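Read off the chains here:
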Protein chains: 2
Amino acid sequence: MTRMVFDEWGSSYSSRMQTMRRSAVRDLFAAASRSDIISLSGGMPDIGKLPLDLVSKAVAAAIDEEGISALQYGSTDGRIQTKEIICMLMRDFEIEVTPDDIIITAGAQQALDLLGKTFINPGDTIITEAPTYLGALQAFSAYEPSIVGIPFDDDGMRTDLLEEALESNRESLPKFIYTIPTFQNPGGVTMSLERRKELLELANRFGVLVIEDDPYGRLRYSGEPVPCLRKLDENVIYLGTVSKVFAPGLRTGWIIAPQPILNKINLAKQGTDLCGSALNQVVVEHYFNDTPWRKTLERLIAAYSVRKDAMMAALNEHFPPEASYTHPDGGFFLWVTLPKYVDTGQMLSLALDSGVTYVPGDGCYPNGEGRNSMRIAFCYEEPDAIAEAIRRLAGVIEDRVELCRAFVNAGALKY
Amino acid sequence: MTRMVFDEWGSSYSSRMQTMRRSAVRDLFAAASRSDIISLSGGMPDIGKLPLDLVSKAVAAAIDEEGISALQYGSTDGRIQTKEIICMLMRDFEIEVTPDDIIITAGAQQALDLLGKTFINPGDTIITEAPTYLGALQAFSAYEPSIVGIPFDDDGMRTDLLEEALESNRESLPKFIYTIPTFQNPGGVTMSLERRKELLELANRFGVLVIEDDPYGRLRYSGEPVPCLRKLDENVIYLGTVSKVFAPGLRTGWIIAPQPILNKINLAKQGTDLCGSALNQVVVEHYFNDTPWRKTLERLIAAYSVRKDAMMAALNEHFPPEASYTHPDGGFFLWVTLPKYVDTGQMLSLALDSGVTYVPGDGCYPNGEGRNSMRIAFCYEEPDAIAEAIRRLAGVIEDRVELCRAFVNAGALKY
């Protein structure tokens, strides 16, 4: 029986499948695992720095002590013991929450999907930074919003432009403002305290929800901590994850939100996956209760810091003067802007030929801008490999820039 | 700063939050864990029958051998090693698939959400059995379809009524027919081979996709196996899970579908959770590779079979003649129909007072019918507890029926 040609089946998919985007990072996943490639594309933490023997013990303990509940269905909102760990983690940010304020999610990515599901009707406006985390654009775009991107500078989201956007959307206010204020993905920039206060003042004045995504907050290599938006305003929806401080393979993140919103999210989560993995939650509990995780994190921070310095030094040495880039104090990424005639999407195949991957910038913009930009990650490779990757990448860029310089000099192109 | 009263924030949620349903099973989750309650509500497998020492070893091996990849991000569609396990499991059903035909999901529940996301536009028609799995109704309803429910009898979905429904929806054909053909949830009935062929013939004639959800297919206690729909027609989308044959706490399920559809689902999954838990997948691999899982499953089947017999005997002994119920050959559930004047939703508080929970039937219907029905599960409690629970439940029902018999006799109510 062959009732349908599946290649011609396109008209039967939902309309949201038209607006949904592919992740360049996911698409590069296979390439990034080739041994001849130095990957500057993925935001993968360095699992090799974890004390795997202690993790193994934690996991074995999880099964020995709580085998039955670790393997059974759990409650949709997550284990109370895991939530207590989250409360402890949040206290480091001087944020006092109780287990009732928390839903455990399958990584922060599921939190983004659930927030899209809970809030966005097709055509609703939402606000993000531009560029922003491409996984957030993927998650939200499934619910067909109109996304307004607000540029950032070295002090984070441009609140003057945010105010203009809110003013000009008075008729149909955005459902929420989504921001990664600390060590932004992909920008690497951190929103200053003054900007944070301005953002919250605007959100309050216009009555718009704020979602603070904070995967990198603990990974600071220089400069002084800035308080979380959630610390400054308890109406802020806060998203956290263990992916960058422990392990993404456990897919454990969380949402902190006001109770009525949490109830709606919980309802959305019932239909999405019934409940998260109890085993993974128990492993997280053991890791944070029974291993010296703060010492491990210090070691991770020290390693990432050296890698970041290696990247900055290599950029300084090798990149052409036409390339500008951000100077992060933490996190995993920095953002490179090239002359506007260079298309980083087209350039990627040349970079792959040279044995380097990066994320072309346009995927991080809501509306297809940023073709002359790229995200590069310093989290994953060793310092020497990073220096080598930047040298190779600089060569690829230099070839492009060189070619175009000739056109510019001949009057055929303008900077 | 208090910019909003969140209780009055309802207008800002997406419209799909209005149509989304709560799960009675999830709501009963807390009650079901009270020690004085015998739970006939949840479809929880008996984890206590697993060889926890072997599972513990499998988990420790997972970390020792594959620590780094078990804890890192993985590919969106799942680990190839896990997919090879699925291929092996499918061969038991005489279904030959390759890893390319499979996406690993966070339980079959995520598969339902992804299928809703991939196919359903608001207002689209879909077809399910009526009653059907309430988690499927939850997952699909988030995408705002119009759901047409087709009743079943002892031979499964009534294909004559399915044909009528397809005929009368010719103008806008359903996006898919969702069925649990084997040991249906909540009905316990199994679709006969003849009905399966009729269903596939109709689906082919009208050009409508079929989704076969098969969590219980291996849990047969009597009667002869019937081939999967996917075996009869390789265009069928097949959903599987390890939840009922191993452990739901690992949230590992899968989708088998034609390649173009799988590509779309993969795209939807990227935004939903990036990837599943690698640790859970590695544990699944070790469980099916390195433990005598077939022997364990035989033990589970033997235990469930005894429980089912205990429930059937108790029903036969205690239930009033006005109550009818199905006679499953496998799975976890059977379906009880009471006289139509008995409201099982209202009756639930009395049952809880008597120390029993069940699932009121209306939650399993797309359109609020079935208020006089209930799902009862024989999977979770020991035979004595099941007999006791049925005795108590019969008392509660008898009180209701008795009260109403008087009204009927007085001519104030009709059967």
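In case you missed it, the structure is sitting above this.
All values reported here derive from a predicted model rather than from experimental measurement.

What counts as what
- Residues numbered from 1 in each chain as written.
- Chains lettered and ligands numbered in written order.
- Predicted model: local features only at pLDDT ≥ 70, side-chain atom pairs only at ≥ 80, totals over all residues.
- Helix = DSSP H or I, 4+ residues; strand = E, 2+ residues; numbered from the N terminus.
- Rg over C-alpha atoms; globule rule 2.2 N^0.38 Å.
- Buried ≥ 20, exposed ≤ 12 C-beta atoms within 10 Å, placed from the backbone.
- Contact = placed C-beta atoms within 7 Å.
- Least-squares fit on C-alpha atoms with pLDDT ≥ 70 in both.
- Nonpolar A, V, L, I, M, F, W, Y, C, P; charged D, E, K, R; others polar.
- Axes fitted to C-alpha atoms, helices over the stretch in contact; angles between N-to-C directions.
- Parallel < 35°, antiparallel > 145°, perpendicular 65-115°, else oblique.
- Left-handed = near helix turned anticlockwise from the far one by under 90°.
- Expected span 1.5 Å × (residues − 1).

Draft legend 1. Region of the structure containing the overall build of chain A. In terms of regular secondary structure, chain A is built from 15 helices and 15 strands. Here chain A has a C-alpha radius of gyration of 22 Å; the compact-globule value for 415 residues is 22 Å, and the two agree. Along the longest, intermediate and shortest principal axes, the C-alpha atoms of chain A span 70 × 65 × 55 Å. The 415 residues of chain A split such that 56% are buried. When contacts within chain A are restricted to residue pairs at least 6 apart in sequence, those whose partners lie at least 24 apart make up 76%.

Draft legend 2. Spatial organisation of the relation of the copies chain B and chain A. Placing chain B over chain A gives an RMSD of 0.0 Å and needs a rotation angle of 180°, together with 0.0 Å of translation along the axis. Classification of the inter-copy transformation places it as that of a two-fold axis. Measuring from the rotation axis to each C-alpha of chain B, the shortest distance belongs to A60 of chain B, at 2.8 Å.

Draft legend 3. View of unusual backbone geometry. Between A130 of chain B and P131 of chain B the backbone carries a cis peptide bond, its omega angle lying at 5°. Checked against the element boundaries, P131 of chain B lands in the loop between β3 (125-129) and α7 (134-141). The omega angle of the peptide bond from N185 of chain B to P186 of chain B is 10°, so this bond is cis rather than trans. Residue position: P186 of chain B is located in the loop between β7 (176-179) and α9 (193-206). The phi torsion at E144 of chain A lies on the positive side, around 60°, for a residue other than glycine. Inspection of the secondary structure assignment puts E144 of chain A in the loop between α7 (134-141) and β4 (146-150).

Draft legend 4. Representation of the interface of chain B and chain A in the model. Taken together, the 78 residues of chain B in the interface contact 78 residues of chain A. Mapped by element, the contributors of at least two residues to the side of chain B that touches chain A are α1 (16-19), α4 (52-71), α6 (107-119), α7, α9, α11 (259-273) and α12 (278-290) of chain B. Among the elements that make up the side of chain B that touches chain A, the one with the highest residue count is α4 of chain B (11 residues). For the side of chain B that touches chain A, the class distribution of residues is 37 nonpolar, 28 polar and 13 charged.

Draft legend 5. Up close: the packing of helix α4 (residues 52-71) of chain A against helix α12 (residues 278-290) of chain A. Residue and element names in this part refer to chain A. Where α4 meets α12, the closest approach of the two axes is 8 Å, and the angle between their N-to-C directions is 135°. When the interaxial angle is binned, α4 and α12 end up oblique. In the packing of α4 onto α12, the handedness of the crossing is right-handed. Only A278, L279, V282, V283, H286, Y287 and D290 of α12 make contact with α4, whose side of the interface consists of V55, A58, V59, A61, A62, E66, S69, A70 and L71. A breakdown of the residues in the contact of α4 with α12 according to their chemical character gives 12 nonpolar, 2 polar and 2 charged.

Draft legend 6. Structural detail: helix α13 (residues 293-318) of chain B. With 26 residues, α13 of chain B should reach 38 Å at 1.5 Å per residue; the first-to-last C-alpha distance of 37 Å fits that figure. Summarising the contacts, the buried residues of α13 of chain B are in contact with β11 (324-325) and α15 (383-409) of chain B.

Draft legend 7. Region of interest: the packing of helix α5 (residues 80-91) of chain B against α12 of chain B. Residues and elements named next belong to chain B. Packing of α5 against α12 leaves a shortest axis separation of 9 Å and a crossing angle of 40°. If you check the angle between α5 and α12, you find them oblique. Two packed elements cross with a definite hand, and for α5 against α12 that hand is left-handed. Across from Q81, T82 and I85 in α5, the residues of α12 making contact are Q281, V284, E285 and F288. Of the residues in the contact of α5 with α12, the class split is 3 nonpolar, 3 polar and 1 charged.

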